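Summary of the model geometry
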Amino acid sequence: RHLVTAPNKRRMLVQLVAQPDCPLEVLLGSPELEGARVRTLSWKEIDHAESGPVPSIARDFDLAYIMYTSGSTNEPKGIMHTHASGLSYAKWAHEVYGLRTEDRLTNHAPLHFDLSTFDFFAGALAGAATVIVGDEYLKLPASYAQLLESEKITTFFTVPYALTQLLMRGALEQRTLSALRWVIFGGEPMPPKHLATLMEVLPFARFSNMYGPAEVNGCTFYHVPRPLRDLNSPISIGTVSRNADYVIVDAEDQLIHDEKPGELLIRS
């Protein structure tokens, strides 16, 4: 019933609140809309409003956030995650990657994309710092590499495409990235030949593949051994996390108990 918005969305807001079935009651950060039945509060009013402690009324299985899929297999969809889901993932990632107070993470993923939960939830659980990476750095790999150096990033979770761009266009050989102790990638397959080269360029860092669809957060992990000798096979998605259950089924949804390939079903 409440929508956080901005003045530059005025035209869209007018169309939205004019709909007969509009459920909104309050627009936060919006200028007043003439004739609208919806209450509006500008940012100035919000800034000057009295504030106080907000009682915590959240329960484990209340809705905490909505994570959107990329739509690579069909239409994009919003996945509802509970507080229990987000906290379970944060605790698992905190443990598996040994996050600690002195760690410095990056985040270039939007809040509705699942990579962000590692940096904001697991990082916060450890008391680590998260450096927000602006769009300007994403467009210029050399600037991104400079940011990794200047901010002394220790744990870097990103997509393989970004790592490949850093390797090819980031001038990594000109950077001192000895603070980087762990590089985690996920979201798509990582080309083994690029990964092997990256492991040579960053000899002090460990590398891990984290797999997991938006429906269940990260649910498997694989710590890549050094050196990476097999450049012709895909990087394994590894072992199912301890906070998830799984089965592997065939095309008829029958359980597979041997080493035959099948479809992985996850409950997390």
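See above for the structure.
Since this is a predicted model, take the numbers as computed values, not measurements. Numbering of residues starts from 1 in every chain and runs along the sequence as written. In keeping with the predicted nature of the model, local features appear solely for residues at pLDDT of at least 70, side-chain atom pairs appear and are counted solely at 80 or more, and the whole-chain, interface and lining totals rest on all residues. Heavy atoms from the whole structure form the basis of all side-chain values; hydrogens and water molecules are not counted.

1. What to know about the side chain of T69
With respect to the element layout, T69 can be found in the loop between β4 (63–68) and β5 (78–82). It only takes one pair of heavy atoms within 4.5 Å for two residues to be counted as in contact. When sequence neighbours within four positions are dropped, the list of residues in contact with T69 reads E75, P76, K77, I79, A214 and E215. Each helix is a run of H or I in the DSSP string that is no shorter than four residues. Each strand is a run of E no shorter than two, and both are numbered from the N terminus.

2. Describing the sheet that holds strand β2 (residues 26–28)
Any two strands between which DSSP finds at least two bridges are classified as paired. Overall, parallel pairing links the three strands, which are arranged β1-β2-β3 in an open sheet. Either end of the sheet is taken by a strand with one partner, and the two such strands are β1 (2–4) and β3 (39–41). Mean inter-strand twist for the sheet, computed between neighbouring axes without regard to direction, equals 15°. Here β1 pairs with β2 via three bridges, running parallel. Within β2, the position partnered with V4 by the bridge is L28. To define axes, lines are fitted to C-alpha atoms, for helices over the stretch in contact only, and angles between the resulting N-to-C directions are given on a 0 to 180 degree scale.

3. Re a nonpolar patch on the surface
Residues L63, I66, Y68 and M80 make up a contiguous nonpolar surface patch of about 420 Å² in total accessible area. No other element matches β4, which puts three residues into the nonpolar patch. If you trace the backbone, M80 turns up in strand β5. A relative accessible area of 63% places M80 in the exposed class. Within this analysis, patches are made of residues with over 30% relative accessible area and no salt bridge. Like charges are joined at 9 Å or less; nonpolar side chains (Val, Leu, Ile, Met, Phe, Trp, Tyr) at 5 Å or less. What sets the accessible areas is the Shrake-Rupley method with a 1.4 Å probe; for residues, cover comes only from the shown protein chains. A pair is scored as a salt bridge if a Lys or Arg side-chain nitrogen falls within 4 Å of a carboxyl oxygen belonging to Asp or Glu. Throughout, exposure labels follow a simple rule: accessible area from a 1.4 Å probe, protein chains only, divided by the maximum for the residue type, with under 20% read as buried, over 50% as exposed, and the rest as partly exposed.

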